[in-house]
Amino acid sequence: MTFQQLKQKIITLLKHAYVKSPINFSTITGLRYPGIPRLKGNFLLGRLTTLFKENGTLENVIQAGHLAEQHPNGMCYFWLGTKLSLLITRPEDIQALKVKYEKKLSRDVPLMRKAVGASIFTDDRETWQKKREACNKVLGHTAVDKLTPRMEQVIYSYIDSLKNYDHQPVELRTFFFNMVVDTVTINLMGCPAKLLHANPQPIQVDKLTDLSHFLSESLHEVFQFHNIFKCMLPGFIRKLFFRNADDFETVKNKMQDRYYQLFLSPNRTNILDTQNLIKEIWDINHAKNHSNDDYHDPEILGDGLILLGAGVATTVATLEFVIKLLAAHPEKAENLRAEINEHIKGNEVTLEAIKQMSYLEMVIKETMRLYPPAPLFMPREIDADIEINGVPLFKGDAPIFSPYVVHRSKEHWEHPEEFIPERFSKDNQHNINVHAYLPFSIGPRFCAGQQFAMQEMKIILIVLYNKYHLDIENNSFELTLKQGGLAAAIPPVARLHRLVKTNLS
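On a predicted model such as this, the values are computed, not experimentally measured, just so you know.

J.: Looking at this structure, I do not really get the environment of A327. What am I missing?
T.: Its location among the elements puts A327 in helix α16 (residues 298-328). Residue classification places A327 among the partly exposed residues on the basis of a relative accessible area of 33%. In this structure, the C-alpha to C-alpha distance between A327 and A494, residues 167 residues apart in sequence, is 9.8 Å.

J.: It is not clear to me how the sheet that holds strand β2 (residues 83-88) should be interpreted in this structure. Could you clarify?
T.: Strands in a sheet are paired, the pairing made by backbone hydrogen bonds, and the direction either parallel or antiparallel. Here 3 strands make up an open sheet; going across it, the order is β1-β2-β6 and the pairing mixed. The open sheet is flanked by β1 (75-80) and β6 (400-401), the only strands paired with a single partner. As paired strands, β1 and β2 are joined by 6 bridges and run antiparallel to one another. Of the residues in β2, the one forming a bridge with W79 is L84. Seen against the sheet, helix α5 (residues 91-100) touches β1, β2 and β6 and runs at an angle of roughly 120° to β2.

J.: Looking at this structure, I do not really get helix α8 (residues 141-160). What am I missing?
T.: One turn of the α-helix equals 3.6 residues, which is why residues spaced by three or four share an orientation. Under the 1.5 Å per step criterion, the end-to-end length of α8 is 27 Å for 20 residues, consistent within 8% with the ideal 28 Å. Largest kink in α8: about 40°, centred on T148, with the proline P149 one to four residues after it.

J.: Help me out: how do you make sense of the sheet that holds strand β3 (residues 169-171) in this one?
T.: Spatial strand order, β3-β10-β7: 3 strands in an open sheet with antiparallel pairing. Two strands bound the open sheet, and with one partner strand each, they are β3 and β7 (468-472). Each strand of the sheet is rotated relative to its neighbour by a mean of 40°, with strand direction disregarded. For β3 and strand β10 (residues 493-498), the ladder comprises 3 bridges, and the chain directions are antiparallel. Bridging across to β10, E171 finds its partner in V493. The sheet strands contacting helix α9 (residues 172-188) are β3, β7 and β10, and the helix crosses β3 at an angle near 55°.

J.: What is the right way to look at the pattern of salt bridges in this model?
T.: Once the charged atoms of two side chains with opposite charge are near each other, the side chains can pair. Per the stated rule, a full pass over the model turns up 21 salt bridges. Salt-bridge contacts for K355 lead to D145; the nearest nitrogen and oxygen are separated by 3.3 Å. Here the residue K355 occupies a position in helix α18 (residues 351-356), and D145 occupies one in helix α8, the gap between them amounting to 210 residues. Taking the relative accessible area as the measure of exposure, K355 reaches 55% and is therefore exposed. Overall, D145 belongs to the partly exposed group, its relative accessible area being 23%. Between E417 and R408 there is a salt bridge, with its nearest N and O atoms 2.5 Å apart.

J.: Please explain the packing of helix α17 (residues 330-343) against helix α19 (residues 358-370) as it appears in this structure.
T.: Two packed helices can be described by the angle between their axes and the distance between those axes. Relative orientation of the contacting elements α17 and α19 amounts to 145°, with a least axis distance of 8 Å. Touching K332, N335, L336 and E339 of α17 are S358, Y359 and L360, all from α19. For the contact of α17 with α19, the per-class residue count stands at 3 nonpolar, 2 polar and 2 charged.

What counts and how
- Residue indices begin from 1 for each chain and proceed along its sequence in written order.
- Confidence filtering applies because this is a predicted model: local features only for residues at pLDDT of at least 70, side-chain atom pairs given and counted only at 80 or more, and all residues used for totals across whole chains, interfaces and linings.
- Hydrogens are left out, water is left out, and the side-chain values use all remaining heavy atoms of the structure.
- Put simply, DSSP H or I for four residues or longer makes a helix, DSSP E for two residues or longer makes a strand, and each gets a number counted from the N terminus.
- Think of it in three bands: with a 1.4 Å probe and only protein chains considered, a residue is buried below 20% of the maximum accessible area for its type, exposed above 50%, and partly exposed in between.
- Any two strands with at least two DSSP bridges between them are considered paired.
- The contact definition used throughout considers only heavy atoms, calling two residues in contact when any of these lie within 4.5 Å.
- Geometry is summarised by axes, namely lines fitted to C-alpha atoms with helices restricted to the contacting stretch, and by angles between N-to-C directions that run from 0 to 180 degrees.
- Expected helix span is taken as 1.5 Å per residue step, with the number of steps being one fewer than the number of residues.
- Here the bend at a residue means the angle between the axes of two seven-residue stretches, the one that ends at it and the one that starts at it.
- One speaks of a salt bridge when a side-chain nitrogen belonging to Lys or Arg is within 4 Å of a carboxyl oxygen belonging to Asp or Glu.
- Gly is placed with the polar residues, together with every amino acid not listed as nonpolar (Ala, Val, Leu, Ile, Met, Phe, Trp, Tyr, Cys and Pro) or charged (Asp, Glu, Lys and Arg).

Listed below in structure tokens is the structure:
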């Protein structure tokens, strides 16, 4: 053995002893993965200064992504609260983490437990599998096709109501929230349509009773990334710097109680008397917990909030960005409108027509590439030692990945900052690394609502652009994480101009 080989072996052994030691030296030194770049921070405050910023968590991820791209391993680590997390950016390494080593990842997501309580994100493997099967049954391709006519009924009614606002400015976030909440609750939760019969002004909300307003505010307060990471700081630090964000338990309980009052209690009969996703998940919870209460069980509330939050906020944010990007690229909007005119005759949106609109799908996919609803997926701790790309990870480590970083990598995408829907055309798809595109995550725990969300967005955009020309008055692309995921900091305001005069209702 040469001197260099001996030296390298000693260094390797020392590195292994450092990270494997029962004494967690990284808590004090901030050094966890020797040889991997890191963002500076310390064990007491982590990167606390970034949490004072509105989008501090996103800034952390972007900075870590830049460092990772410069390193052969494509990794970087930094503080999330007082815990060091390893950012993985190479698609093959993300694939290994989420697929190959999926069974070695913890089933619990502590941050989600703090935010909404017990739910599908915190279930044991057996319970999670049952809930996932229930989701797949309702949200798979065939099932979503069957739901399409009912989706269209809701969407037609809402978009037809915009005729009352012709040539007037409309804040699209509120309108989209109301429409998507109704679409989700009617199709997946057995609720009767409130539509316009109870709400003749769908672009406005009643702050005391409206479910969509409650959901929007809850996502803002509870799921906001930098609020969640504050709870990872030591108690005295939270007391000192974040007094109003300290009592997560109280905020969570208030949110669950409000959700019960606004949604579960008034709709209980409809939910229990029909076949729907939320009822199936409730039955699984009851069987597991041997509960016979009035559906005020915390886990039932947690699952309901997850289903609503995941099914509404992400869809609304994507729709906003589609509208904004098409306004910024009018030639792309015209391409989309031409495709709609080719396949939609009058006002009838058929299932076959939706499937034939390839450019529409390209637009949505490219929008989610640039602005993935979840820019950073919640970390799961490792239950057993693994190795990824030559880097040892040990029990308790929390590797993470960021679709926002991967989707804007020059290594995997040509002109990654530009809006080019055509990159997803059939002719160009062979140029795309499929593992470098993950707006719905990957592996067994990928988003179960992917097909439902895509179909819902397609119908909304078809009907909207078939009837209206949209002028966006405030087309800022400033980003925020307020809604629990990536969203426009300033809600887009559209001035609508009717193109078709027929009645859709």
